Amino acid sequence: MHTIGVIGLGVMGSNLALNMANNGEQVAVYNYTRDLTDQLVQKLEGQSITPYYEIEAFVQSLKTPRKIFLMVTAGKAIDSVISTLVPHLEEGDIIMDGGNSHHEDTERRYDELKSKGIGYLGIGISGGAVGALTGPSIMPGGDKEVYDKAAPILTKIAAQVDGESCCVYIGPKGAGHFVKMVHNGIEYADMQLITEAYTFLRERLGLSVEEIADTFDTWNQGELKSYLIEITAEILRKKDDRTDLPLVDVILDKAGQKGTGKWTSIQAIDNGIPTSIITESLFARYISSLKEERTKAEKILAGPDKNQPQLDKNVWIDYVRQALYMGKVCAYAQGFTQYKMTSELYGWNLPLKDIALIFRGGCIIRANFLNVISEAYQEQPNLPNLLISPYFAEKVIDYQNGLRKVVCEGIQAGISFPCLGASLTYYDSYRTGTSHASLLQAQRDYFGAHTYERRDLEGIFHTNW
């Protein structure tokens, strides 16, 4: 009998099945179309994976309580698989959804299956194809007692950092998929920030692609050390086989997205959570998709004089490093604030210090300073914002001048800085104890009698303007 079953044998599903088998599990696999199953079988080198071509035989091959891992495209496909599975399952069996499902869909499925006595875990998985095979970051949500039954397998197949598994129980119902969703929002922002730093180095400082790769390599030896910095250096060194140009110059400048970044922004907007950097990174992808319009607009719309004064490259490269680090801190601060505020809103009690730790390995946003983020929440579990934790406060106070210089210089040169600019605005807004939102409130009261509060008196007031 098999200890776990995997349904959905695309790249991620196949690699997770291999990961499970490589970690000693007896794995049954099934895919709706036979071709992907056959492709996986051809990869096997003695692993304990058994293919099935009928869903009933697949289910019956599993030890009870059955544990079935779905790696199926989010949306209606998951509902279809669940409806096919349920008639063959028994009370106490467990379905785990490892795809990028929306957390509200996960909660609906959880409620439906719980009424039938079937456990349901919504599991966020980050790490891409390589992580799925060698150890991803895993974010499980659902009933704790259901998670405990699956935990021996999940913790074993996750990435391991300093002897600790990058898998921890996140919280009830859709909490796991929610944490993965916001992880992806942070990922969007991180990638866009890196792209803007690259743009300034290339367009304003005039560095070659190879010089920028060297710069990113150097940065990856210090406090910016992270997976995304590392792969950016590798990407910049890659040459196109056909033209011998840097491959990055051959790739069309239209960025795609699969929805999780959008969901992050929508959830934040619905609940009044400021995630401007994450949202600007999403809009940057949207405007990149308007390639034809941008090409025409370039011939019509003027920018600043291209003959800008020369800058000291060494000095400004370090300003860019500071700006990128501070932008990343602000983006992570927004993401973790979204975790905290949503956790309070839904009563999830998300373990913020543990979330930071499981992001250290396997996942796309893994970075050295996640250890510092975890320590910040360890010391202050109710910390409202990472920017005011002692370590990061000292850093951003030190680096804010570098961010200001880069943003101002870039704007003067006509460079678009949606995320670096939003980072600076977020920092300045957050550190402003008394703002001029009083004027907004006065305007609202003037045209809509929306009332206002006063600084010097308790109560609600309205003026006959």
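The structure displayed is predicted, hence computed values, not measured ones.

1. Concerning the side chain of Asn-220
Okay, step 1: Tracing the backbone shows Asn-220 in the loop between helix H9 (209-219) and helix H10 (227-237).
Okay, step 2: Each residue touching Asn-220, except ones within four places of it in the same chain, is listed here: Lys-225, Ser-226, Ile-229 and Glu-230.

2. A closer look at helix H14 (residues 313-346)
Okay, step 1: For H14, which comprises 34 residues, the first-to-last C-alpha distance of 49 Å matches the rise-based estimate of 50 Å (1.5 Å per residue) to within 8%.
Okay, step 2: When you tally the buried positions in H14, you get 26 out of 34 residues, the bulk of the element.
Okay, step 3: The backbone nitrogen of Asn-314 has a side-chain oxygen 3.2 Å away, supplied by the residue at the start of H14, namely Asp-312.
Okay, step 4: A positive phi of about 70 degrees marks Gly-347, the residue just after H14.

3. A word on the UniProt feature "active site" (unreviewed entry) in the chain
Okay, step 1: Per the UniProt record, "active site" (unreviewed entry) is annotated on Lys-180 and Glu-187.
Okay, step 2: Structurally, the position occupied by Lys-180 is in helix H8 (residues 175-204).
Okay, step 3: According to the relative accessible area criterion, Lys-180 is buried, its value standing at 5%.
Okay, step 4: Dropping the residues within four chain positions of it, Lys-180 is found in contact with Asn-100, Gly-124, Ile-125, Ser-126 and Met-139.

4. Quick notes on the UniProt feature "binding site: substrate" (unreviewed entry) in the chain
Okay, step 1: Mapped onto the present numbering, the UniProt feature "binding site: substrate" (unreviewed entry) falls at Asn-100, Ser-126, Gly-127, Gly-128, His-183, Asn-184, Tyr-188, Lys-258, Arg-285, Arg-444 and His-450.
Okay, step 2: In this structure, Asn-184 sits in helix H8.
Okay, step 3: For Asn-184, a relative accessible area of 6% corresponds to the buried category.
Okay, step 4: Position of His-450 among the secondary structure elements: in the segment after helix H19 (437-448).
Okay, step 5: The contacts of His-450, once residues within four sequence positions are left out, are Arg-444 and Asp-445.

5. Looking at the sheet that holds strand S7 (residues 137-141)
Okay, step 1: Spatial ordering of the open sheet is given by S3-S2-S1-S4-S5-S6-S7, a layout of 7 strands whose pairing is mixed. Sheet topology places strand S3 (49-52) and S7 at the edges, where each strand pairs with a single neighbour. The mean angle between the axes of side-by-side strands here comes to 25 degrees, regardless of whether they run parallel or antiparallel.
Okay, step 2: Alignment of strand S6 (residues 119-126) against S7, held across 5 bridges, turns out to be antiparallel. Across the sheet, residue Gly-124 finds its bridge partner in S7, namely Met-139.

6. Quick word on the environment of Phe-447
Okay, step 1: Tracing the sequence through the fold places Phe-447 in helix H19.
Okay, step 2: Sequence separation of Phe-447 and Trp-465 is 18 residues, and the distance between their C-alpha atoms is 9.0 Å.

7. Some details on the domain arrangement of the chain
Okay, step 1: On domain assignment, one finds that the chain holds domain 1 (4-169), domain 2 (180-431) and domain 3 (437-464).
Okay, step 2: On a C-alpha basis, the centroid separation for the pair domain 2 and domain 3 is 37 Å.

8. Structural notes on the nonpolar core
Okay, step 1: One finds Phe-336, Tyr-339, Phe-359 and Ile-373 to be the most contacted residues of the largest nonpolar core, which totals 82 residues.
Okay, step 2: Ranked by residue count, the leading element in this core is H14, at 15 residues.
Okay, step 3: Shared between two domains, this core holds at least three residues of each, these being domain 1 (4-169) and domain 2 (180-431).
Okay, step 4: Leaving out residues up to four positions away in the same chain, Phe-336 has contacts with Leu-352, Ile-355, Ala-356, Phe-359, Ile-373, Tyr-377 and Leu-386.
Okay, step 5: Judged by nonpolar contacts, the second largest core, of 30 residues, contains Ala-132, Tyr-147, Ile-153 and Cys-167.

9. Description of the packing of aromatic side chains
Okay, step 1: Tallied over the entire structure, the rule returns 22 aromatic pairs.
Okay, step 2: Plain terms: the ring middles of Phe-178 and Tyr-339 are 6.2 Å apart, the flat faces sit at 70 degrees to each other, and that makes the pair edge-to-face. Here Phe-178, found in helix H8, pairs with Tyr-339, found in helix H14; they are 161 residues apart in sequence, far enough to count as distant. Across the pair, exposure class does not vary: Phe-178 and Tyr-339 are buried alike.
Okay, step 3: Ring geometry for Tyr-325 against Tyr-399: centres 5.6 Å apart, planes inclined by 85 degrees, an arrangement best described as edge-to-face. Of the two residues, Tyr-325 sits in helix H14 while Tyr-399 sits in helix H17 (residues 390-412), which places them 74 residues apart along the sequence. Of the two residues examined, Tyr-325 and Tyr-399, each falls in the buried class.
Okay, step 4: Pairwise contacts between aromatic rings join Phe-178, Phe-336, Tyr-339, Tyr-346, Trp-348, Phe-359 and Tyr-377 into one cluster.
Okay, step 5: Between the NZ or CZ atom of Arg-454 and the centre of the ring of Phe-461, over which it lies, the distance is 5.8 Å.

Criteria and thresholds
- Residues numbered from 1 in each chain as written.
- Predicted model: local features only at pLDDT ≥ 70, side-chain atom pairs only at ≥ 80, totals over all residues.
- Heavy atoms only, no water.
- Helix = DSSP H or I, 4+ residues; strand = E, 2+ residues; numbered from the N terminus.
- Contact = heavy atoms within 4.5 Å.
- Expected span 1.5 Å × (residues − 1).
- Buried < 20%, exposed > 50% of the residue type's maximum accessible area, 1.4 Å probe, protein only.
- Polar contact = N/O pair within 3.5 Å; in protein donor to acceptor, adjacent residues only side chain to side chain.
- UniProt positions renumbered as here; feature names shortened; annotations may be inferred.
- Pairing = 2+ DSSP bridges.
- Axes fitted to C-alpha atoms, helices over the stretch in contact; angles between N-to-C directions.
- Domains from an automatic or database assignment.
- Core = buried A, V, L, I, M, F, W, Y, C linked by side-chain atoms within 4.5 Å.
- Phe/Tyr/Trp six-rings, centres within 6.5 Å; stacked < 30°, edge-to-face > 60°.
- Lys NZ or Arg CZ within 6 Å of the ring centre and 35° of its normal.

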